[in-house]
Amino acid sequence: MKKLLLVAAALAFSAGASAQLYKWKDKDGRTRYGDIPPPGVQATQIRAPAARPAPPPAEDAKDAKDDKAEKPLTPEQAFQKRRQERLEAEEKAAKARAEAEAKRANCQAAQTQLRIMESGQRVSTVNAAGERVYLDDSQRAAQAARARQAVADWCS
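Just so we're clear, the structure is a prediction, and the values are computed from it rather than from any experiment.

Analysis parameters
One numbering rule holds for all chains: residues counted from 1, following each sequence as written. Restriction of local features to residues with pLDDT of at least 70 applies here, the model being predicted, together with a cutoff of 80 or more for giving and counting side-chain atom pairs; totals for whole chains, interfaces and linings are based on all residues. To obtain the side-chain values, all non-hydrogen atoms of the structure were used and water was disregarded. In this description a helix means any DSSP run of H or I spanning at least four residues, a strand means any run of E spanning at least two, and both kinds are numbered starting from the N terminus. Relative accessibility decides the category of a residue: with a 1.4 Å probe and only protein chains considered, values under 20% of the type maximum give buried, values over 50% give exposed, and everything between is partly exposed. It only takes one pair of heavy atoms within 4.5 Å for two residues to be counted as in contact. Surface accessibility follows the Shrake-Rupley procedure with a 1.4 Å probe radius. Residue values consider only the protein chains on display as shielding. Whenever Lys or Arg places a side-chain nitrogen within 4 Å of a carboxyl oxygen from Asp or Glu, that contact is recorded as a salt bridge. Cysteine sulfurs are considered disulfide-paired once they come within 2.5 Å of each other.

What about the overall build of the protein?
Turning to step 1, where the next piece is worked out: Looking only at helices and strands, the protein has four helices and five strands in total.
Turning to step 2, where the next piece is worked out: Secondary structure elements of the protein, listed N to C terminal, follow the sequence α-β-β-β-α-α-β-β-α.
Turning to step 3, where the next piece is worked out: Sorting the 156 residues of the protein into buried and exposed places 8% on the buried side.
Turning to step 4, where the next piece is worked out: In the protein, the proportion of contacts linking residues at least 24 apart, taken out of those at least 6 apart, comes to 34%.
Turning to step 5, where the next piece is worked out: Of the roughly 13500 Å² of accessible surface on the protein, a fraction of 57% belongs to carbon and sulfur atoms.

A closer look at the pattern of salt bridges
Turning to step 1, where the next piece is worked out: Applying the stated criterion across every chain yields a total of six salt bridges.
Turning to step 2, where the next piece is worked out: In this structure, the salt-bridge partner of Glu 90 is Arg 86, at a minimum N-O distance of 3.6 Å. You can see Glu 90 and its partner Arg 86 sitting in helix H3 (residues 75-118), four residues apart, about one turn around the helix.
Turning to step 3, where the next piece is worked out: The exposure class assigned to Glu 90 is partly exposed, which follows from its relative accessible area of 43%.
Turning to step 4, where the next piece is worked out: Under the relative-accessibility criterion, Arg 86 is labelled partly exposed at 45%.
Turning to step 5, where the next piece is worked out: A single network of salt bridges, built from pairs that share partners, joins Asp 26, Asp 28, Arg 30 and Arg 32.

Quick look at the state of the cysteines
Turning to step 1, where the next piece is worked out: Per the stated rule, a full pass over the model turns up one disulfide.
Turning to step 2, where the next piece is worked out: Here Cys 107 engages in a disulfide with Cys 155; their sulfurs sit 1.8 Å apart. Since a negative S-S torsion denotes a left-handed disulfide, the Cys 107-Cys 155 link at about 115° is right-handed. Here Cys 155 lies in the segment after helix H4 (137-154) and Cys 107 lies in helix H3, a separation of 48 residues in the sequence.
Turning to step 3, where the next piece is worked out: Judged by relative accessible area, Cys 107 falls into the buried class, the value being 11%.

Written out as structure tokens, the structure is:
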């Protein structure tokens, strides 16, 4: 209990240590001291509050922006920042997964098309009139070349 009282007294007196201190004479001629002089009295300032060192001058606007970025965040701001970063990372990962899946599907389709063209079987397509047309050797070679290029593009 005594320690608690001692700590409370030390805190009470330490608050006054950083305050301004004035000296004045009251109407009876006695010298008085305090942090706020009464109005209409000639007071002299004895001690000014401890001066804080002036911040170094900013070299350019970039440094000033960096100082603002280093300002500590409130817990709510820190939470929102972490949440936003997590959402951005999740979106980036989802986009990467979708691109990888599309690339894998396109690779499989290109490989299947190449196997068909190189198999030696007869290959047919449907023309604009809706009729089945079989590819000749030159058309088959052109389709195989396009399929090889697609495999090179998608499966690398």
